[in-house]
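# Residue-level structural notes
One letter stands for each residue in the lines below.
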Amino acid sequence: MLKLFRKFTATEWGLVGLALVLIVIQVWLELTMPSYMSEITMLVQTEGSAMSEILSAGGMMLACALGSLAASIGTAICASKVAANFSANIRGELFQKVQSFSMEEIGRFSNASLITRSTNDVMQVQMLVVLGMQMLLKAPIMAVWAIVKISGKSWQWTFSTGMAVVALVVIVGICILVAMPKFKKMQILTDDINRVTRENLTGLNVVRAYNAEDYQEKKFETANNNLTKTQLFSSRAMSFMMPGIQLVMSGLGLAVYWIGAYLIQNAGAVEKMTLFSDMVVFSQYAMQVVMSFMMLVMIFILLPRASVSAKRINEVLNTEPTIEDGTVTKSDNGMVGEVEFRDVSFRYPDAADDVLSNISFTAHKGETVALIGSTGCGKSTAINLIPRFYDATKGKVLVDGIDVREYSQKALRNKIGYVSQKATLFSGTVQSNVNYGDNGKTAQPSDVIDAVYTAQANDFVEKMEDGYDGYIAQGGANLSGGQKQRLSIARAVCRRPEIFIFDDSFSALDYKTDRDVRKALDKECGGSTRIIVAQRIGTIRDADKIIVLDEGKIAGMGTHDELMKNCEVYKQIALSQLSKEELA
Ligand SMILES: Nc1ncnc2c1ncn2[C@@H]1O[C@H](COP(=O)(O)OP(=O)(O)OP(=O)(O)O)[C@@H](O)[C@H]1O
């Protein structure tokens, strides 16, 4: 937690200082009030006191109350400003950190947990800062000051206040000890709720199509009940706290007056009046002491949850991405658009076996290299090593003759136009989706149009109400699968990259569109290297080199004709899709 607070900026520390000054003023004013009360008590009991004296003391009391109110509003403003800025900074840092994560770290934390950590956990810490700045600073000042004020009065009163404080500490201690483990659990269960809700929303079509609402509801109910039970348990434990504190406060009030009555009864006539006034003042100060402890209690209620949250936030902030950035920004060996896999093997973190074993091939500038093989044989995994979504566990992937690990990730990815297996579009317009990202080249509106034409997306884009400014919903929800794929292809084309990576990006296109896109790519982007993962023989049969993968190993490599002659795995895939006549 303290580690997080080190992130306070100078302005925030300045505001904390200002809040501290305001709190001292507030406490001073609050603790001055009982003196006026004592004065009024004395005046009321003294015969011949003038009304104006009572009114003047009352007026001073009112002024103290108003001053304390103003100081407390000032403190609250400072506290909320510090907390809001602090949490905005933490959220920003978390976002940046997650951006730097490789797929490995994202997989390790899970999307749901990263979202909870960036929202709910930050909120817990924010709440602690808001209340902590107001109460944690005020309580000790108030307690010490009030104790100083009451010391030297009757030892019986001081003793009863001390006992009340001990009783408070015991009650609060027990409640927190019982509830603390549950607080820790609560954040993890919030992750679960988040995960189940996200899963349900993203897969809503499938849920409905399979009438799986009940199943999803049960799943949600389990997560929800677990969280509710944990919350209820900790609330029940905590529910003993407030009445307990109230009991102690009332008991203390009673004790002060009871002791006072006893002392007054045994005192002389003159002492009686002083004792009475002391009793009124003491009960006020004693309440202030107890109130200070109550404020600390409030913080102790928040503290366990916030410290769990702070730990979870720090876990993310302290995680170093496994993909370290290199320094090379430009290859100065004259090579362009060349991709080489040199004896590459890869194993997913925590997996038992390699997904890829000893893969070696080269794609030269302007060549089309295709990867084909049964599902799950490692095609996507292989091409994900080029933009460094993961790093090879053995061997090297080279782009333009340089190990991809030596490049700065930005420079490496600037060379690449990547089209993922599942088309990803962002809420915005056609234009903002096609002219997406930054690779140092400024795309003109005409480049966007060219890219859309190359991807054969012009037919539907130009029919949209606003054309290239047409609205695209989040995830491309207002487009068909094939339309989404074409816009994803247009986005890669618009980048004018040295190397295209198409991860099964033509699968949602009909055969004719598939052929037209490939033809247009040949014409418009002929100089770029293309690495294509495909399931359809038709998509790749014209490729310069086809790599046949089987269980993560190369089963054959060559042109379509060569493979038809000498690669049994390829021949079987081809024959399963096309007749002998079509293949001839
Ligand atoms: N993030 C991951 N963590 C662990 N294992 C994974 C991960 N992603 C994929 N795998 C495993 O790696 C293997 C290869 O997956 P990959 O996605 O590369 O196959 P593919 O050949 O592209 O399949 P498809 O044609 O169905 O897309 C599969 O067995 C899969 O279970």
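Only a predicted model underlies this, so the values are computations on that prediction, with no experimental measurement involved. Think of each chain on its own: its residues are numbered from 1, step by step along the sequence as written. Only residues with pLDDT of at least 70 are given local features in this predicted model, and only at 80 or more are side-chain atom pairs given and counted; all residues enter the totals for whole chains, interfaces and linings.

### What about the overall build of the protein?
- Assigned secondary structure in the protein consists of 22 helices and 12 strands.
- Computed over its C-alpha atoms, the radius of gyration of the protein comes to 36 Å, more than 25% above the 25 Å expected for a compact globule of 584 residues.
- Structurally, the protein occupies a C-alpha span of about 125 × 45 × 45 Å along its principal axes.
- Looking at the protein as a whole, 36% of its 584 residues qualify as buried. Strands are runs of DSSP state E lasting at least two residues, helices are runs of H or I lasting at least four, and both sets are numbered from the N terminus onward. With C-alpha atoms as the basis for the radius of gyration, the globule rule is written as 2.2 Å multiplied by the number of residues raised to the power 0.38. Each residue is classed by its C-beta neighbour count within 10 Å, where at least 20 other C-beta atoms makes it buried, 12 or fewer makes it exposed, and intermediate counts make it partly exposed; the C-beta atoms are placed from backbone geometry.

### Comments concerning the domain arrangement of the protein
- Here the limits of each domain have been adopted from an automatic or database domain assignment. If you check the domain split of the protein, you get domain 1 (2-317) and domain 2 (365-583).
- For domain 1 versus domain 2, the distance between C-alpha centres works out to 57 Å.

### Regarding the site of the ligand
- Note on definitions: a residue is near a molecule or strand provided its C-beta atom, placed from the backbone, lies within 6 Å of it. Residues in contact with the ligand amount to 14 residues; listed here are only the nearest, Tyr348, Thr375, Lys379, Ser380 and Thr381.
- With three residues, helix H12 (residues 379-384) is the single largest residue contributor to the shell around the ligand.
- Residues were grouped as follows: Ala, Val, Leu, Ile, Met, Phe, Trp, Tyr, Cys and Pro as nonpolar; Asp, Glu, Lys and Arg as charged; and all remaining residues, including Gly, as polar. Its residues assigned to classes, the shell around the ligand comprises four nonpolar, eight polar and two charged.

### Brief notes about the sheet that holds strand E6 (residues 416-419)
- Note on pairing: two strands pair once DSSP finds at least 2 bridges between them. Taken in spatial order, the six strands of this open sheet run E6-E9-E10-E3-E11-E12, and their pairing is mixed. Bordering the open sheet on either side are E6 and strand E12 (553-558), each of which pairs with just one other strand. Within this sheet the neighbouring strands show an average axis-to-axis angle of 15°, counted without direction.
- Taken together, the four bridges between E6 and strand E9 (residues 499-503) define a ladder with parallel strand orientation. In the strand pairing of E9, Ile416 is matched with Ile499.
- Relative to E6, helix H17 (residues 481-494) is tilted by about 175°, and along the sheet it contacts E6 and E9. For helices, the fitted line uses only the C-alpha atoms of the stretch in contact; every axis is such a line through C-alpha atoms, and the angle between N-to-C directions lies from 0 to 180 degrees. We call two residues in contact when their backbone-placed C-beta atoms lie within 7 Å.

### Focus: helix H2 (residues 10-45)
- If you check H2, its first and last C-alpha atoms are 54 Å apart, about what 36 residues at 1.5 Å a residue would give, namely 52 Å.
- For H2, every residue scored as buried is listed here: Leu15, Ala19, Leu22, Ile23, Gln26, Val27, Leu29, Glu30, Leu31, Pro34, Ser38 and Ile40.
- Buried residues in H2 make contact with helix H3 (51-100), helix H5 (111-136), helix H6 (138-150) and helix H11 (269-317). Expected helix span is computed as 1.5 Å times (number of residues minus one).

### With respect to the UniProt feature "domain: ABC transmembrane type-1" (unreviewed entry) in the protein
- UniProt positions are given in the numbering used here, feature names are shortened, and annotations may be inferred rather than shown by experiment. Listed under "domain: ABC transmembrane type-1" (unreviewed entry) in the UniProt record, and renumbered for this structure, are residues 18-305.
- For residues 18-305, the helix share is 93%, the strand share is 0%, and the end-to-end C-alpha distance is 27 Å.

### Some details on the pairing of E12
- Bridge analysis of strand E11 (residues 545-550) against E12 gives five bridges, and the strand direction is antiparallel. Bridged to Ile546 within E12 is Gly558.
- Two successive antiparallel strands, E11 and E12, enclose a turn made up of two residues, where Glu551 displays a positive phi of approximately 50°.

### Some thoughts on the sheet that holds strand E1 (residues 339-346)
- The strand order E2-E1-E4-E5 describes an open sheet built from four strands, whose pairing is antiparallel. Of all the strands in the sheet, just strand E2 (356-363) and strand E5 (402-403) have a single pairing partner and so form its edges.
- Looking at chain direction, E1 and E2 are connected through five bridges and run antiparallel. Bridge pairing in E2 places Val344 opposite Ile359.

### Focus on the packing of H3 against H5
- It is the contact of H3 with H5, at a shortest axis distance of 9 Å, that shows an interaxial angle of 155°. The angle between the axes of H3 and H5 places the two elements in the roughly antiparallel class. Seen along the crossing, H3 lies across H5 with a hand that is right-handed.
- Partitioning the contact of H3 with H5 into residue classes produces 16 nonpolar, six polar and two charged. Here the angle decides the label: under 35 degrees means roughly parallel, over 145 means roughly antiparallel, 65 to 115 means roughly perpendicular, and every other value means oblique. The handedness criterion is simple: a crossing whose near helix is rotated anticlockwise from the far helix by less than a right angle is left-handed, and one whose near helix is rotated clockwise is right-handed.

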